[in-house]
Amino acid sequence: EVQLVESGGGLVQAGGSLRLSCATSGFDFDDYVIGWFRQAPGKEREGVSCITYRDHEIYISSVKGRFTISRDSAKNTVYLQINGLTPEDTAVYYCGASLIGPPPRCSRWTHEYDYWGQGTQVTVSS
């Protein structure tokens, strides 16, 4: 079964750091794009970043320089390193998987993703 499990969220003060993990199973990891999304209260889910075996993108300008996406094929896991957290980063962070390609390509759009984890809460206090 396809499974994605996020972890690493929590409550942190502004300026702190977190590393989110998306552990996947049930599919060929290298054939898929893995995306990070976030949804704040009262807001639409938005694409944050994505990664394939060949490229990666960050979509939100305010997080560039603070967020770093990476992948570990041996562990079938994608990470999102978040530094310099701000209250505006408070959201539920989700990872999604999509078969786009071949070759796999990044997408920022939620409707292009087929599988989702349950999300991990990131709360940043001021």
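Look up: the structure comes first, before these words.
Source: prediction; values computed, not measured.

Participant: Describe the nonpolar core, naming the residues involved and giving the relevant values.
Facilitator: I34, W36, V78, L80 and Y93 are the most contacted members of the largest nonpolar core, which totals 27 residues. Those elements that place two or more of their residues in this core are β3 (18-25), β4 (33-39), β5 (46-51), β7 (67-72), β8 (77-82), β9 (91-98) and β11 (120-125). Among the elements that take part in this core, β9 stands out by supplying four residues, more than any other. Excluding anything up to four places from it in sequence, I34 contacts C22, T24, F27, F29, S49, C50, I51, I69, V78, G96, A97 and Y113.

Participant: Residue-level account of the environment of A91, with values.
Facilitator: Summarising the element assignment, A91 is placed in strand β9. Note on A91: relative accessible area 2%, which makes it buried. In this structure the C-alpha to C-alpha distance between A91 and V122, which are 31 residues apart in sequence, comes to 5.5 Å. Each residue touching A91, except ones within four places of it in the same chain, is listed here: R38, Q39, A40, T120, Q121 and V122.

Participant: Break down the packing of aromatic side chains for me, with residues and values.
Facilitator: Remark: the centre distance and the inter-plane angle together describe each pair of aromatic rings, the angle taken between the planes. Within the structure shown, the criterion is met by four aromatic pairs. Ring geometry for F27 against Y32: centres 4.5 Å apart, planes inclined by 50°, an arrangement best described as tilted. For the pair F27 and Y32, one class covers both residues: buried. Taken together, a centroid distance of 5.8 Å and an interplanar angle of 50° make the contact between Y113 and W116 tilted. Ring pairing ties together the aromatic residues F37, Y113 and W116, which thus form one cluster. Lying across the ring of Y79, R19 places its NZ or CZ 4.1 Å from the centre. For the cation-ring pair, R45 lies above W116, with the distance from its terminal atom to the ring centre recorded as 4.8 Å.

Participant: Now, about the pattern of salt bridges: what can you tell me, with residues and values included?
Facilitator: Taken as a whole and assessed by the stated rule, the structure comprises five salt bridges. Residue R38 is joined to E46 by a salt bridge in which the shortest nitrogen-to-oxygen separation is 3.0 Å. Accessibility expressed as a relative area gives 6% for R38, which makes it buried. Overall, the relative accessible area of 27% leaves E46 in the partly exposed class. Across the salt bridge formed by D89 and R38, the nearest N and O atoms sit 3.0 Å from each other. Taken together, the positions of D89 in the loop between β8 and β9 and R38 in strand β4 put the pair 51 residues apart, joining distant regions of the chain. Shared partners join several salt bridges into a network, and the residues in it are R38, E46, R66 and D89.

Criteria and thresholds
- Residues numbered from 1 in each chain as written.
- Predicted model: local features only at pLDDT ≥ 70, side-chain atom pairs only at ≥ 80, totals over all residues.
- Heavy atoms only, no water.
- Core = buried A, V, L, I, M, F, W, Y, C linked by side-chain atoms within 4.5 Å.
- Buried < 20%, exposed > 50% of the residue type's maximum accessible area, 1.4 Å probe, protein only.
- Helix = DSSP H or I, 4+ residues; strand = E, 2+ residues; numbered from the N terminus.
- Contact = heavy atoms within 4.5 Å.
- Phe/Tyr/Trp six-rings, centres within 6.5 Å; stacked < 30°, edge-to-face > 60°.
- Lys NZ or Arg CZ within 6 Å of the ring centre and 35° of its normal.
- Salt bridge = Lys/Arg side-chain N within 4 Å of Asp/Glu carboxyl O.

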